[in-house]
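What the coordinates show
The chain contents come next:
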Amino acid sequence: MRLRTTLLITMLLLGGCLGQPTGVTPVQEFDINRYLGTWYEIARLDHSFERDLDRVTAQYSLRDDGGVTVVNRGYLTREGEWKEAQGKAYFVDASDQGYLKVSFFGPFYGSYVIFELDEKDYQYAFVSGPDTSYLWFLSRTPHVDQALVDRFILRAKSLGFDTDALIFPAQE
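These lines cover the structure that appears in this document, whether it is placed above or below. (Residues numbered from 1 in each chain as written. Predicted model: local features only at pLDDT ≥ 70, side-chain atom pairs only at ≥ 80, totals over all residues. Heavy atoms only, no water.)

1. Here's the deal with the packing of aromatic side chains
Think of a pair of aromatic rings as described by two things: how far the centres are apart, and how the planes are tilted against each other in angle. Counting across every chain of the model gives 16 aromatic pairs. Ring-pair connections join several aromatic residues into one group, and the members of that group are Phe-30, Tyr-35, Trp-39, Tyr-60, Phe-91, Tyr-112 and Tyr-122. In this structure, Arg-55 packs its charged tip against the face of Tyr-75, placed 4.6 Å from the ring centre. When the ring centre of Tyr-109 is taken as reference, the NZ or CZ atom of Lys-101 above it lies at 4.9 Å. (Phe/Tyr/Trp six-rings, centres within 6.5 Å; stacked < 30°, edge-to-face > 60°. Lys NZ or Arg CZ within 6 Å of the ring centre and 35° of its normal.)

Right under this line is the structure:
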């Protein structure tokens with residue numbers, strides 16, 4: 001009985017990280033090959049794994065098993081050193097949906113939901129995690145027009161994200 005309870009709790013915990021915030025819908029007609037490469041973090045909500053990081057980038061490349069290698073990198077200015085984390089991502093549903101699960105810690109996965117994307121050129125992406133405490137604005141360039149930042153803030157706020165808590169890391 002104890003083993004069954006432990007397995008049930010484990011399954012609920014693991015599955016609980018693959019949700020989406022209410023109203024957040026993954027982009028459709030997504031092309032992972034166009035998404036590969038380097039992205040710069042323009043804005044984020046704070047989490048311990050990125051705390052105090054500037055010059056943050058995410059690098060995506062294909063894995064042999066059909067997944068995606070994720071390398072996140074940022075600079076801790078006060079310590080004068082780079083931090084890097086490598087993970088893996090896989091599609092949750094169809095491969096033409098911007099809905100992946102990402103793991104940096106063994107068997108534990110979290111949602112990576114691309115809810116807005118520059119569909120023409122893949123130059124920016126708005127990304128959430130499993131709930132409204134996870135939010136990122138990524139760009140192919142380290143700086144973007146203020147109009148795009150304003151668009152991100154308005155869209156995120158309309159979906160229930162705490163945009164007053166956004167962090168805009170320095171990119172240079």
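2. Topic: the environment of Leu-138
Following the sequence through the fold, Leu-138 ends up in strand E8 (residues 135-139). For Leu-138, the residues in contact, after removing those within four places along its chain, are Tyr-35, Trp-39, Tyr-40, Glu-41, Tyr-60, Tyr-112, Gln-123, Tyr-124, Ala-125 and Val-127. (Helix = DSSP H or I, 4+ residues; strand = E, 2+ residues; numbered from the N terminus. Contact = heavy atoms within 4.5 Å.)

3. Some details on the environment of Gly-110
In this fold, Gly-110 is placed in strand E6 (residues 108-117). Taking the C-alpha atoms as reference points, Gly-110 and Gly-19, 91 residues apart in sequence, are found 8.2 Å from one another. Each residue touching Gly-110, except ones within four places of it in the same chain, is listed here: Cys-17, Leu-18, Leu-100, Lys-101 and Val-102.

4. Remarks on the pairing of E6
In summary, the side chains of a regular strand alternate between the two faces of the sheet. Of all the ten residues making up E6, nine are buried; the element is thus mostly covered by neighbouring parts of the structure. Bridge count between strand E5 (residues 99-105) and E6: five bridges; the pairing is antiparallel. Bridge pairing in E6 links Val-102 to Gly-110. Between the antiparallel neighbours E5 and E6 lie two residues, among them Gly-106 with a positive phi of about 60°. The pairing of E6 with strand E7 (residues 124-128) spans four bridges and is antiparallel. Each residue of the ladder has a partner; that of Leu-117, found in E7, is Ala-125. Here E6 folds back onto E7, and the loop between the two strands holds six residues, one of which, Tyr-122, carries a positive phi near 55°. (Buried < 20%, exposed > 50% of the residue type's maximum accessible area, 1.4 Å probe, protein only. Pairing = 2+ DSSP bridges.)

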